[in-house]
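Single-letter residue listing:
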Amino acid sequence: MAHSTVSHASIEPFQSTYNAFHFLASLIKVALKLLPLQALMAKPKYGVVLMVFFFLSIFFHGTESSAEPWLTEEDNEVIVVQSRHDSGRRCDFSVGKWVYDQSYPLYDSNCPYLTTTVTCQKNGRPDSDYEKWKWKPQACSIPRFDALDFLGRMRRKRIMLVGDSIMRNQWESLVCLVQGVIPTARKRVTYNGLSMAFHAMDFETSIEFSWAPLLVELKKGGENKRILHLDQIEENAKYWRGVDILVFDSAHWWTHSDKWSSWDYLMEGNSQFTTMNPMVAYEKGLTTWAKWIDLNVDPSKTQVIFRSMSPRHNRDNGWKCYNQQQPLAFFSHQHVPEQLVVLQGVLRRMRFPVYLQDITTMTALRRDGHPSVYGRAMGQEEKQHLKDFSSDCSHWCLPGVPDSWNEMLSALLKE
């Protein structure tokens, strides 16, 4: 079922009814746990009503699949993520909608810190509306990114984004959001092994990126084999020491298919494995990361945020995102990706207060924001044969979706 042919208005009453029953059923389940049996027996008609809704709750909760991979369901609908959030916070930034705002973007693709693969406008993408959508939470608002305000709050601080190429995508976005207010002679980029840093010299601020897509160590072994050490992390973590704000992400590299697997075999202690359930390996790797954070990071000096997975729209061999020009308006059903379940479990067991920044739901709506075939500059002849090129439905055009992640990040750091 193609979204372009579905009326939002026509499905909204059904969706609202479904959500209402789902919510009510959840409340009834709680009531059944809390109310004593004697109270229900004293009021038989109330007990009957509660039991009816109890069976409804089984139906509504039982129909949600937990084994379904992200964005691979048969009807091409998008799956929504539900995650637990800190109940003490005033607003859940992850619940909301995309609003078209003509005043965006906040910079253009001429930002000198962008890699060619994300400068979709310079690479010939014919539409630009994907740059003009702002995320609006349901119960509050996210302030428009203010570069001087952000740099003022980050004065004499180091902020580091750690992860894979999607996190590099986000780092480039953040640098471009701030760099325009800094004179050319007062900004620079330095490199240190697996890390790079943008320096705003007058603010004594650095915005850094550290490459660690699996967080734990991936090394070369005999016969040039790639060994993933599930219990070793220091070679990556040594770059994280002394940082004031750490933002992590790790998900995609753990779930690459056999052909594109990130490792040849895994090791834990002296044990070697040629195969392992990816989610078991993911939990082991995250647990190693969590232990390092608990033992080495001081919560009075450092804030730690873990950004949830960025969805890919890779159906149809990567052509799911080609020529998409509008965000999706809604989700058809609900599902929690396995990666998020594992991540939440690890975070709950930690002593260190890590904040989970959930960008998955909002980002899943934005299949229009990927580079697709516009990840490189093309001549007129090449533009006539676009289907001959690969389509990138994983990374994001800039300006674009990661700018909203960073507006959310800036708002989180104010709390």
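The rules behind the values
- Residues numbered from 1 in each chain as written.
- Predicted model: local features only at pLDDT ≥ 70, side-chain atom pairs only at ≥ 80, totals over all residues.
- Heavy atoms only, no water.
- Helix = DSSP H or I, 4+ residues; strand = E, 2+ residues; numbered from the N terminus.
- Buried < 20%, exposed > 50% of the residue type's maximum accessible area, 1.4 Å probe, protein only.
- Contact = heavy atoms within 4.5 Å.
- Areas by Shrake-Rupley, 256 points an atom, 1.4 Å probe, with all protein chains shown as cover.
- Expected span 1.5 Å × (residues − 1).
- Polar contact = N/O pair within 3.5 Å; in protein donor to acceptor, adjacent residues only side chain to side chain.
- Pairing = 2+ DSSP bridges.
- Axes fitted to C-alpha atoms, helices over the stretch in contact; angles between N-to-C directions.

(A) The arrangement of the overall build of the protein in detail. Check the secondary structure of the protein and you find 11 helices and 15 strands. Buried positions account for 49% of the 415 residues belonging to the protein. Considering only residue pairs separated by 6 or more positions, the protein has 80% of its internal contacts joining residues 24 or more positions apart. By element, 54% of the accessible surface of the protein is carried by carbon and sulfur atoms, the whole surface being about 20,400 Å².

(B) Looking closely at helix H5 (residues 165-179). In this model, H5 (15 residues) spans 21 Å end to end at C-alpha, consistent with the 21 Å of a helix rising 1.5 Å per residue. Of all 15 residues in H5, 13 are buried; the element is thus mostly enclosed. For H5, the side-chain oxygen to backbone nitrogen distance between the N-cap and Ile-166 is 3.0 Å, and the N-cap itself is Asp-164.

(C) Main features of the side chain of His-199. Tracing the backbone through its elements, the reader meets His-199 in strand S6 (residues 195-200). His-199 gets classed as buried once you look at its relative accessible area, which sits at 19%. Those residues in contact with His-199, other than ones at most four positions away along the chain, are Arg-186, Lys-187, Arg-188, Thr-190, Thr-205 and Ser-206.

(D) Just the sheet that holds strand S8 (residues 217-220), in detail. Ordered by their spatial adjacency, 4 strands build an open sheet running S8-S9-S11-S12, and the pairing between neighbours is mixed. What marks the edges here is a single partner per strand, and that holds for S8 and strand S12 (271-273). Averaged over all neighbouring strand pairs, the angle between strand axes comes to 30°, with direction disregarded. Direction of pairing for strand S11 (residues 265-268) relative to S12: antiparallel, over a ladder of 3 bridges. Bridged to Met-267 within S12 is Gln-272.

(E) Broad picture of the side chain of Ser-173. Along the chain, the position of Ser-173 falls in helix H5. The exposure class assigned to Ser-173 is buried, which follows from its relative accessible area of 0%. In contact with Ser-173, other than residues within four places in its own chain, are Tyr-107, Leu-398, Pro-402, Asp-403 and Asn-406.

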